[in-house]
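Results of the structural survey
Read off the chains here:
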Amino acid sequence: MNNTVTILCSGFGLGFYVPGLLMERRLTALGIQAEIEVFETLMSDSKKQQTDNSRKAYQQSFAVALTSQKIPGDIRGSLDAAAVEHLLQQWKQQERQRFIVLSGHWVHVMDRYRELAGFPVEADLLYIDADLSPSWKNLRRLNPGYAEGYREVSMYDPAAREILCSIDAGTAEALPAAAKNGRLVVHGGGWGIGTFREKFDSLESAGYELDIAAYSPQEIGEAIHGRRYYMNDPEWRTWKRDSSGQYTFPPFAEVTVSQPDHYPPCRNYQDGMYGVIRQASAVISKPGGGALIDSLASGTPLVLLDPFGPHEKINSDLWVELGYGIRYGEWAEMGFDREALRKLADNLQSAKGRYPDYSASYAEQLSAAEGRS
């Protein structure tokens, strides 16, 4: 049987893609063969174009983005039947048995593979938000018993106010508050959505210098008040492999009005926006699952903007209750206090090493299972 662990990601947001890359690298470092697949490779070109169109619409209007979550959908209508069949036959031929699933969209495909395989198939359904995100909620609506035969793994237990596991960012140690640079990172997640663009002036009026994520060349402004702009290559897509056949972190650069268009490859996570986040005193963003992973790994607190749906509201509540984040409105009422950020960073620093790394735990379980067989 094939010992490769297949990690099933989605490009609908970087929060369902980047953790897969991080796990792939961590498992490889632990001596386990791992490979990721991206859901969008199974979609027709027209559906991929629709995804791009949605991204642009959501960037322009957070209200449109929020409304889209409330519209029930069945992702199976976006699948290219020939692409799905090709992948299933490839897995069967290679006798793929072990999977980690980051998006509910993949479970439709996994169900078919289990029927087809003719041998045992094991999969972890890994929830990277504190509550079910839209792909899982849509899946549950279509199939309430979707988790039967799989192992559900939650990263968080919001009722108990606990983090159950973490995802290792594979980079340098988190910096203590005293070593942070005093700047604030302001971003809208992988898709550039939320209310973050409305906050620049207030934050600068309070004396902060900003590291701003831009999502198109049109968003790159002048370097007033010490602003720095950063951008992932806007032509890059999660579902495209590089010339060596690998999925990659997005090509990334600091950009200026006069030079917005050179994006070197991002070999390691720290070469991208995470490297900027690690040095910052706080991140101002919506509370996506990826933002939580970055915050914990980097020791950088979150100033939490309006959530993108109910699952992000629960993410936000959890981070506030743990003392790792503060809601933007509350912080504004405190006069954008620097000491409040320092306390949150101290809390994160003291939590270092407290939460088991999911990939390391997975590797230990594999080793134990092989020892029993």
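Structure first, text after, so check above.
Read on for an overview of the structure. Sequence order as written defines the numbering, with residues in each chain counted from 1. Restriction of local features to residues with pLDDT of at least 70 applies here, the model being predicted, together with a cutoff of 80 or more for giving and counting side-chain atom pairs; totals for whole chains, interfaces and linings are based on all residues. Excluded from the side-chain calculations are hydrogens and water; all other atoms, namely the structure's heavy atoms, are used.

Attention now moves to the pattern of salt bridges. In the sections that follow, a salt bridge refers to a side-chain nitrogen of Lys or Arg positioned within 4 Å of a carboxyl oxygen of Asp or Glu. As enumerated under the stated definition, the model contains 21 salt bridges in all. Two residues, Asp74 and Arg76, come together in a salt bridge whose shortest N-O distance is 2.9 Å. Relative accessibility under 20% of the residue-type maximum defines a buried residue, over 50% an exposed one, and the middle range a partly exposed one, all with a 1.4 Å probe and only protein chains included. By relative accessible area, which is 35% here, Asp74 ends up partly exposed. In this structure, the salt-bridge partner of Arg112 is Glu85, at a minimum N-O distance of 3.1 Å. Residue Arg112 is located in helix α5 (residues 105-117), and its partner Glu85 is located in helix α4 (residues 81-94); the two are separated by 27 residues in the primary sequence. The structure contains a network of salt bridges with shared partners spanning Arg183, Glu209, Asp211 and Arg228. Under the DSSP-based scheme used, a helix requires at least four consecutive residues in state H or I and a strand at least two consecutive residues in state E, with every element numbered from the N terminus.

A few words now on the nonpolar core. Formed by 87 residues in total, the largest nonpolar core has its most connected members in Ile7, Tyr17, Trp319 and Trp331. No other element matches helix α1 (residues 18-29), which puts five residues into this core. We call a set of buried Ala, Val, Leu, Ile, Met, Phe, Trp, Tyr and Cys residues a nonpolar core when their side-chain atoms join them within 4.5 Å. Membership of the second largest hydrophobic core comes to 28 residues, among which are Leu87, Val109, Leu125 and Leu139.

Inspection of the secondary structure assignment puts Arg25 in helix α1. Along the backbone, Arg25 and Gly170 are 145 residues apart, and their C-alpha atoms lie at a distance of 7.9 Å. Not counting residues within four places of it along the chain, the set of residues in contact with Arg25 comprises Phe249, Arg267 and Asn268. A contact between two residues is defined here by any heavy atoms of the two lying within 4.5 Å.

To continue, consider the sheet that holds strand β3 (residues 96-101). Between any two strands, pairing holds if DSSP finds at least two bridges. Pairing in this open sheet of five strands is parallel, and the strands run β2-β1-β3-β4-β5 from one edge to the other. Two strands bound the open sheet, and with one partner strand each, they are β2 (34-38) and β5 (151-154). Across the sheet, the mean angle separating the axes of adjacent strands is 25° when strand polarity is ignored. As defined by bridge partners, strand β1 (residues 2-9) adjoins β3 across five bridges and the pair is classed as parallel. Bridge pairing links Thr6 to Phe99 in β3. Axis lines are fitted to C-alpha atoms, over the contacting stretch for helices. Their N-to-C directions set the angle, which ranges from 0 to 180 degrees. Here α1 sits on the sheet in contact with β1, β2, β3 and β4 (122-127), set at roughly 165° to β2.

Next up on the list: the sheet that holds strand β11 (residues 252-255). Overall, mixed pairing links the seven strands, which are arranged β11-β10-β9-β8-β12-β13-β14 in an open sheet. The open sheet has two edge strands, β11 and β14 (325-327), and neither has a second partner. Neighbour-to-neighbour, the strand axes of the sheet open up by a mean angle of 25°, direction not taken into account. Note that strand β12 (residues 282-285) and strand β13 (residues 302-304) share three bridges and pair parallel. Each residue of the ladder has a partner; that of Ser285, found in β13, is Leu304. Across the sheet, helix α10 (residues 310-322) is in contact with β13 and β14; its angle to β14 comes to roughly 120°.

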